[in-house]
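Listed below, chain by chain, are the residues.
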Amino acid sequence: MATVELRFSAQPEHVRTARLVAAAVARRAGVDEAVLDEVRLAVGEACSRAVGLHRSHGITAPVRVVLNEEEKTFSIEVGDGVTAGGTAGEARDGAAPADSHESDAEGEDEMGLAVISGLVDDVEVTSGDDGGVIRMSWPTASAVALP
């Protein structure tokens, strides 16, 4: 059972790197080749959402991506620093989000979650004192029963 953790500053250009790492680890974990595009897209959406939340809330902490290879599943958790109440769970630069951007960010957030839900059968979105987490999982080749 291997775990890979990736942390990156909340910059859009780092999302591509997270997608590439996720696809490589998923392939090594035994996720079906036909599903790898869905993994890439879902991770891209989740990371883009986290980057947007960090930027709109002035959070300076890195976005966290944890990739877990388990016995029969491969899971990815993308964490942001926005707590359940919508405040920063970690260091902020002191800037308050602009009201005009809040409704735009909320709409983008909902759209991103809808795209992820369409791509991933097993997805869970949680929010707590440490921030929000999107957990996605896919079966691996070892989970498929042999005839």
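Structure: above.
A brief report on the enclosed structure follows. Since the model is a prediction, treat every value here as computed from it, not as a measurement.

## Description of the overall build of the protein
Then comes step 1: Secondary structure summary: the protein contains three helices and five strands in total.
Then comes step 2: For the protein, the α and β elements follow one another from N to C terminus as β-α-α-β-β-α-β-β.
Then comes step 3: Burial analysis of the protein (147 residues in total) assigns 39% to the buried set.
Then comes step 4: Taking contacts inside the protein between residues at least 6 apart in sequence as the whole, the part at least 24 apart equals 70%.
Then comes step 5: Surface exposure of the protein reaches about 8,100 Å², of which carbon and sulfur atoms provide 50%.

## Points about the nonpolar core
Then comes step 1: Formed by 31 residues in total, the largest nonpolar core has its most connected members in Phe74, Ile76, Val78, Met136 and Trp138.
Then comes step 2: When residues in this core are grouped by element, the largest group, eight residues, is from helix 2 (residues 36-56).
Then comes step 3: Aside from chain neighbours lying at most four places away, what touches Ile76 is Ala22, Val39, Val43, Val65, Val66, Leu67, Ile134, Arg135, Met136 and Trp138.

## Brief notes about the side chain of Asn68
Then comes step 1: With respect to the helices, strands and loops of the structure, Asn68 is situated in strand 2 (residues 63-69).
Then comes step 2: In terms of polar contacts, Asn68 uses its side chain to reach the side chain of Thr3, at 2.8 Å.
Then comes step 3: Other than its neighbours up to four places away in sequence, Asn68 contacts Ala2, Thr3, Thr73, Phe74 and Ser75.

## Some points on the layout of surface pockets
Then comes step 1: By volume, the second largest pocket is sized at about 200 Å³.
Then comes step 2: As for the second largest pocket, its lining consists of 15 residues, of which Val31, Asp32, Val35, Trp138 and Pro139 are closest to the centre.
Then comes step 3: Broken down by element, the lining of the second largest pocket gets its largest block of residues, three residues, from strand 5 (residues 131-139).
Then comes step 4: A per-class count over the lining of the second largest pocket returns eight nonpolar, three polar and four charged.

## Focus on the environment of Glu70
Then comes step 1: Positionally, Glu70 belongs in the loop between strand 2 and strand 3 (73-79).
Then comes step 2: Counting along the chain gives 69 residues from Glu70 to Pro139, while the straight-line C-alpha distance between them is 9.5 Å.

## Topic: the packing of helix 1 (residues 15-29) against helix 2
Then comes step 1: Where helix 1 contacts helix 2, the two axes come as close as 9 Å, and the packing angle between them is 145 degrees. For the crossing formed where helix 1 meets helix 2, the hand is right-handed. For the pair helix 1 and helix 2, contact is made by Val15, Ala18, Arg19, Ala22, Ala23, Ala26 and Arg27 and by Leu36, Val39, Arg40, Val43, Gly44, Cys47, Ser48 and Val51, respectively.
Then comes step 2: Per-class residue counts for the contact of helix 1 with helix 2 are 10 nonpolar, two polar and three charged.

## What to know about the sheet that holds strand 4 (residues 122-128)
Then comes step 1: Overall, antiparallel pairing links the five strands, which are arranged 1-2-3-5-4 in an open sheet. Both edges of this open sheet fall to strand 1 (3-8) and strand 4, since each of them pairs with a single strand only. Pairs of neighbouring strands in the sheet enclose a mean axial angle of 15 degrees, with direction left out of account.
Then comes step 2: Relative to strand 3, strand 2 runs antiparallel, the two being bridged by six bridges. Following the sheet pairing, Asn68 is matched in strand 3 by Ser75.

## Points about the environment of Asn68
Then comes step 1: Here Asn68 falls in the buried class, since its relative accessible area comes to 14%.
Then comes step 2: C-alpha separation for the pair Asn68 and Val25, spaced 43 residues apart in sequence, amounts to 8.9 Å.

## A short note on the pattern of salt bridges
Then comes step 1: In this structure the tally under the stated criterion is seven salt bridges.
Then comes step 2: Close ionic contact of Glu69 with Arg28 constitutes a salt bridge, the shortest N to O distance being 3.4 Å. A residue pair is termed long-range when its members are at least 10 positions apart, and Glu69 in strand 2 and Arg28 in helix 1 qualify at 41 residues.
Then comes step 3: Taking relative accessible area as the criterion, Arg28 reaches 53% and is therefore assigned exposed.
Then comes step 4: Between Glu70 and Arg135 there is a salt bridge, and its shortest N-O distance comes to 3.7 Å. With Glu70 in the loop between strand 2 and strand 3 and Arg135 in strand 5, this pair connects stretches of sequence that are 65 residues apart.
Then comes step 5: On the basis of relative accessible area, Arg135 is assigned to the partly exposed category, the value being 25%.

Conventions and cut-offs
- Residues numbered from 1 in each chain as written.
- Predicted model: local features only at pLDDT ≥ 70, side-chain atom pairs only at ≥ 80, totals over all residues.
- Heavy atoms only, no water.
- Helix = DSSP H or I, 4+ residues; strand = E, 2+ residues; numbered from the N terminus.
- Buried < 20%, exposed > 50% of the residue type's maximum accessible area, 1.4 Å probe, protein only.
- Contact = heavy atoms within 4.5 Å.
- Areas by Shrake-Rupley, 256 points an atom, 1.4 Å probe, with all protein chains shown as cover.
- Core = buried A, V, L, I, M, F, W, Y, C linked by side-chain atoms within 4.5 Å.
- Polar contact = N/O pair within 3.5 Å; in protein donor to acceptor, adjacent residues only side chain to side chain.
- 1 Å grid on protein atoms, 1.4 Å probe; cavity = no way out; pocket = protein on both sides within 12 Å on 5 of 7 lines; lining within 4 Å.
- Points joined across faces, edges and corners; volume = space filled by probe spheres on them.
- Nonpolar A, V, L, I, M, F, W, Y, C, P; charged D, E, K, R; others polar.
- Axes fitted to C-alpha atoms, helices over the stretch in contact; angles between N-to-C directions.
- Left-handed = near helix turned anticlockwise from the far one by under 90°.
- Pairing = 2+ DSSP bridges.
- Salt bridge = Lys/Arg side-chain N within 4 Å of Asp/Glu carboxyl O.

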